[in-house]
Every structure is written in C-alpha cells, then in structure tokens.
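Architecture and fold: a report
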Amino acid sequence: MRELSKMVKNIAIIGNGCAAVECIKALRECGCNDTIHLFSDHSYPVYNPMLTTYYVAGKIDFSKLFPFGTNDELARTFNVRFHTRSPVMTLDTTEKVIVTADGLAVSYDRCLIASGASPVRPPIEGIHSGRVYTMRTVEDAIGLKTALEQKPTRVLVVGASMVGIKLVELFRAAGIDVCLADLATHLFPAAAHPDCAAVLAERLRENGVDLRFGTSLTRLEESGAGLLAYFAGDTMPERVDLAVICIGVRANTAFVDRNCIDTAAGVLVNERMETNVHGVYAAGDVAQGRNLLTGQPQIVGLWSNARYQGRTAGRNMAGEHDVFPGNIPHNITHFMNMDFIGIGDVKNYDKMRKYWDGNHFIQLFWQEGLITGANLVDSYTSSGVIRQALIKGLQQSCVHNQGTMPLVQDLLIRKIIMEVEQA
Amino acid sequence: MDKTIYLDVKRCVGCGACVVACMDQNDIYPEKGQPANRRVYQIEENQDQGIDICYLSVACQHCEDSPCTMACPTGAIRRDAATGGVAVNKSLCIGCHSCAIACPFGVPRYDAEGKLQKCNLCSERVEAGLEPACVRVCPQGALIFDNANSVQSLKEAAAANNIARIIRTQGDGCN
C-alpha cells in the first residue's frame, strides 16, 4: 500500500459530480488553501446524468455533457489533485485514511462523501443481457446511442420515471415503437396523483406509446436478434430489440463503514452536511438530508439539491458556518411538447382541488391548511411559485403567513390558489 | 451585484407601458411566438368592503443567489459580469424547463425554439449608463433601478413619511 502526504492537511472528496465541484469552489472561495484530493471511479469530467438522454437523442454534443469543463480545467482553476479511475474501497474514519482500489492510501483532515448513486437493476433472470441498458452514466449514454445505430424497431422501457419518459420521447422521435412498463398502476408513481397521471397517459397513448402498468417484469430472454420480456401473469412475452431499465437509483455507499457512519438509504447528514463522524461530510445523491415537509431524512436526487449541499459542505469544511435546511421532492420534465410537474406530497392530503380546462392542469393538495403537494401539466409558469409557497409553508388562506414571503410571491400564489379554488 | 429593478407595488397601476417598452427595446414580437420578458398581473382579493385590486409588473428579479442558475443543468444561466444581472446563453439552453420550477417568481418563458427567454436587465442600455427601458418609461415611478441599499433607504423614508403624516392628522397621542 502506498501512502501519500500523511503530514500535510488534506481534504478528500470522494466522487466527481456537481456536489464535489460546488464543494471545491466553496472551499477556495472561502480561502481554504489545503490540498484537495478528488477520487473518481471514472476518467470523465463532471457530467450531469440528466443530460444523457439529451445526448442520446442528438440534442446536445458529447462535450455538452460536462457543464463544468474538463478535469484539467478544474484542476488548474481550483488546484485539485485528481485521482481518476480510482474507486475508493475503504473510508477509515478512525485512522482518517482513504484507500483506493489500486492501493493508494491518502490521509485526510476533512472528507466529503459525494459518490452519487447508481441505477438499480432488478434481480431477475436475463437482466445482465447485453441488450439490457440503464441510463445514468456517460457509458450508459454511449452504449444506448451505439445501440440505436442498429435501428431497433421496438423497445421496452421499464420504469415510468422522469428518466423513463425522456427515453420514451427520444425513441418515439426516432420512429421506434415503445412499450413503457411499470409495476405501479400509473405514470410517475412517486410524483403524480392518479388523476394527473391519467391525463398524461392519454396523451402518451395518442403519441403511440404502449403502456403496461401494474405488472412486474419477471424474466428477460435473448432470442435471435432481440429480447423476450416476460411479465407476471402473462404468458405472451413482449418482443423487443432492447430494454432500458430505469426504476430508480441507489446511493453509492459500498465503501462506507455503516458501523461508524450513520446511514439509511444514503449517508445521513444534518443541515451543515455533517455526518455523525467529525470531519466527514456528505452531499449530493448519496446524502440523505431533510425533507422539509415530513421532517424526515430523504434523498432528494436533484442537480440543484446536490449543488446546494456541496456548496454548504464546502463552506463548513472551510471553517465558515452555512446551512442548507433541506428540500422538498420536486420534478419538472418536459417531453413530447408537454410538461409534467410534481411538487411535494401528492399522496397524503385532507383537501384537494383541481383545475383542468383541457389544456392546463393544476392540482393542489393540502394538509391541515398547508399546501403540501401539487401536480401540474402544461402549467410550468406556476410551478416555481407553488414550490416556493410549499417551502415557505404558506397557508391556504395566506393570512397567517403574510410577511413570510416577498410580496410579489405572496400575491402570485394567491392568484394561483384563487384560480384553482374557483375552478 | 450592483443595481437591479425593484417594483413599488403601491405605485403600479397596471398600465403595461413597461411591457411595451421591453418588447420594443428587445425586439420581441408576440405574433412570432416570442414571449414577453415582463408581464403585468392583476391581483383581485375579496375584502369586507369590496374587491381590492393591485397590479404586479414582474420580470426576472436577478436574484443575488439565483435558484435558476443552480438548477440549470447545462450552465446556460450565469451571472453577467458587465451588468451583474442573471443572463442566458441560449446556445447552451436545452429547454428542459428546470429553471421554471426553480424560479420563485414564475418568470421563465421559452421562445419559439424552446429556449429560455428572459429579462437581460437591458444590458446594452445599462452598459451605456442608461436605465432599463421598463424603468425609463414607467409613468408612475413604480419601477426603480437602483442598488439594494438605496431602495431600502427609499422604503424607510416612505415609512417615516407615513408615520409623520399619521401624527400630523391624528396627533401622537401625547398631551
């Protein structure tokens, strides 16, 4: 085992995503001059997983996958020592040492866990076939783009998620027949109320998408040049050329000693992005911060969330005091010339109101007088105001919380609520 | 960040002159599917004595720590060094609408190509030492182009005047 720079003060950053970059930027902006070591499993620059479908669809060039530029540029700008293709195998918080797969040991003073998340593949027969893809990494994008050059005629997308719907869009745009399947009974099961999902499902069917909900994929079998996909309770398989699995992601925590660092679905952090271990922080899709609606720890896997968390971690690691109090789950996805927006909790409510004029759909949910969730279709202009209202805990009447939001926001949310209430 | 545009809600009468001036300055043609950078909302509220109406002239607030910048997946939204405003590089915009859900003021709109179109703080005018077009044309003086401290001073002066007026008309309660 090689040892590196045990005597100098080191900051170790595990992962090469936007949380890592924001942490590094914050460290340097706060005047921290310590040596920063960044460990990455791969050699690509920081990429945005959300952009992978845009690249596969041909909407952006390969270079646009990397919004922060190259590793060399980052290394020069922020004086960072990159360790690419160096997966971290052990994070020893007692000795304060990181050990990589190739045996490099680096001691650290402070450490950020920003290792992100990886797509989940269900443990079923045939899942590791070469015709089965996931969509998250640069390699995933290159693989699927290459597969599309073989001109598939029918594909299966498993997972009616935000990623799944973007895949459906790009396949349909390429003239490929698509079957979209999910174990859940409707689209966007985590973010959409069934009423809203029904509106979207109708539009998808009009766009020629086959929907297959409420059934689980049980087996995949290569057959000739294609795949046979078997679903529970159905003897006739789907015949497709390839399948893409996008049923969610799991935090990358294999190197984390769960006896030392508190974890649940991810690494648990407080509002300073500190773990329970002094000097160890976490940010991004691996970090489980606070859901502001429930007060419970939850991973909110969003680009902006990761950036805020990374920045907060960096400032605190530099000795400043900064907090990121938490977030609410929220998503917007623009596909097939429509928008779907899910904000907060749309499953638990004691009051619900719906506005639907055939073009615009707004559905608001309340719990004990507070707006706690929203679904919108083709109403993106209201989405930011509603999200802000949820975060600020604005009450339905707006009376009790007057003054908690800037006047303009306060008046805009009143207007939206009045329109929905009067529908 | 130095100056930005503030709205005095009590002064706005919803005339829409700011909207027209913005379109003129920025060559925005609604008939070509180009959305306005600035909009005026009429807000009605039922009060005991009848309906209370106010108007909001809303465009990008050029927030200091702008949520749209943090949400943008491509880096298309950045701080403009010259004006200090929040600017869009349309060549990087992919039309994903992430900025729409990030903006607390419901500002983002998209042009005919699906790319973000928003107030750029009249960068050409501001760089030439002029006020933004909407501010220049507002007949009520409801839109103010200044820095945060100056605007705060104006608010405090207005509050002090209100108190003085009340004392003049109702007395200060002291004998």
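Regarding the sheet that holds strand β19 (residues 267-268) of chain A
All names here are of chain A. Judged by pairing direction, the sheet is mixed, and its 3 strands sit side by side in the order β19-β21-β22 without closing on themselves. Each of the sheet's edge strands pairs with one partner strand only, and the pair in question is β19 and β22 (297-298). Judged from the 2 bridges that link them, strand β21 (residues 287-290) and β22 form a sheet pairing that is antiparallel. The partner of R290 across the bridge, within β22, is P297.

A look at the sheet that holds strand β3 (residues 35-39) of chain A
Residues and elements named next belong to chain A. Taken in spatial order, the 5 strands make up an open sheet running β4-β3-β2-β8-β20, and their pairing is parallel. The open sheet has two free edges, formed respectively by β4 (80-83) and β20 (280-282), since each of these has just one partner strand. Taken pair by pair, the neighbouring strands of this sheet meet at an average axis angle of 20°, ignoring direction. Sheet topology places strand β2 (residues 10-14) next to β3; 5 bridges connect them, and they run parallel. Paired with I14 across the bridge in β3 is F39. Along the sheet face, helix α1 (residues 18-29) touches β2, β3, β4 and β8 (110-113) and points at about 175° away from the line of β3. Sheet strands in contact with helix α7 (residues 303-317) are β2, β8 and β20, and its direction is about 175° off that of β8.

Considerations on the domain arrangement of chain A
For chain A, the assigned domains are domain 1 (2-118 + 250-317), domain 2 (132-247) and domain 3 (338-421). The C-alpha-based centres of domain 1 of chain A and domain 3 of chain A are spaced at 34 Å.

Brief notes about the interface of chain A and chain B
Taken together, the 35 residues of chain A in the interface contact 35 residues of chain B. Viewed at the interface, chain B and chain A are joined by 1 salt bridge. For R311(A), the salt bridge is made with D65(B), and the minimal N-O distance between the two is 2.6 Å. For the interface between chain A and chain B, the tally reads 10 residue pairs in polar contact (both at pLDDT 80 or more). For the side of chain A that touches chain B, the secondary-structure elements that each account for two or more residues are α7, β23 (330-335), β24 (338-344), α8 (380-392) and α9 (407-421) of chain A. Here the residues of the side of chain A that touches chain B sort into 17 nonpolar, 10 polar and 8 charged.

Details of the packing of aromatic side chains
Under the definition given, this model contains 11 aromatic pairs over all chains. Between the aromatic rings of Y380(A) and Y110(B), the centroid separation amounts to 5.1 Å while the plane-to-plane angle is 65°, which identifies the pairing as edge-to-face. On the criterion of chain membership, the pair formed by Y380(A) in helix α8 and Y110(B) in strand β6 (residues 109-110) is interchain, its members lying in two chains. Taking the relative accessible area as the measure of exposure, Y110(B) reaches 10% and is therefore buried. Among the aromatic residues, those joined into a ring-pair cluster are Y44(A), Y55(A), F62(A) and F66(A). Sitting over the face of the ring of Y230(A), R219(A) holds its NZ or CZ atom 4.0 Å from the ring centroid.

What to know about the pattern of salt bridges
Residue and element names in this part refer to chain A. Counted according to the given criterion, the structure contains 20 salt bridges over all chains. Residue K166 is joined to E169 by a salt bridge in which the shortest nitrogen-to-oxygen separation is 3.0 Å. Taken as a pair, K166 and E169 lie in helix α5 (residues 162-173) at a separation of 3 residues, close to a single helical turn. Its relative accessible area of 14% is what places E169 among the buried residues. Within the structure, one salt-bridge network assembled from shared partners comprises R154, D210, R212, D234 and E238.

Each value, and the rule that gives it
- Residues numbered from 1 in each chain as written.
- Chains lettered and ligands numbered in written order.
- Predicted model: local features only at pLDDT ≥ 70, side-chain atom pairs only at ≥ 80, totals over all residues.
- Heavy atoms only, no water.
- Pairing = 2+ DSSP bridges.
- Helix = DSSP H or I, 4+ residues; strand = E, 2+ residues; numbered from the N terminus.
- Axes fitted to C-alpha atoms, helices over the stretch in contact; angles between N-to-C directions.
- Contact = heavy atoms within 4.5 Å.
- Domains from an automatic or database assignment.
- Salt bridge = Lys/Arg side-chain N within 4 Å of Asp/Glu carboxyl O.
- Polar contact = N/O pair within 3.5 Å; in protein donor to acceptor, adjacent residues only side chain to side chain.
- Nonpolar A, V, L, I, M, F, W, Y, C, P; charged D, E, K, R; others polar.
- Phe/Tyr/Trp six-rings, centres within 6.5 Å; stacked < 30°, edge-to-face > 60°.
- Buried < 20%, exposed > 50% of the residue type's maximum accessible area, 1.4 Å probe, protein only.
- Lys NZ or Arg CZ within 6 Å of the ring centre and 35° of its normal.

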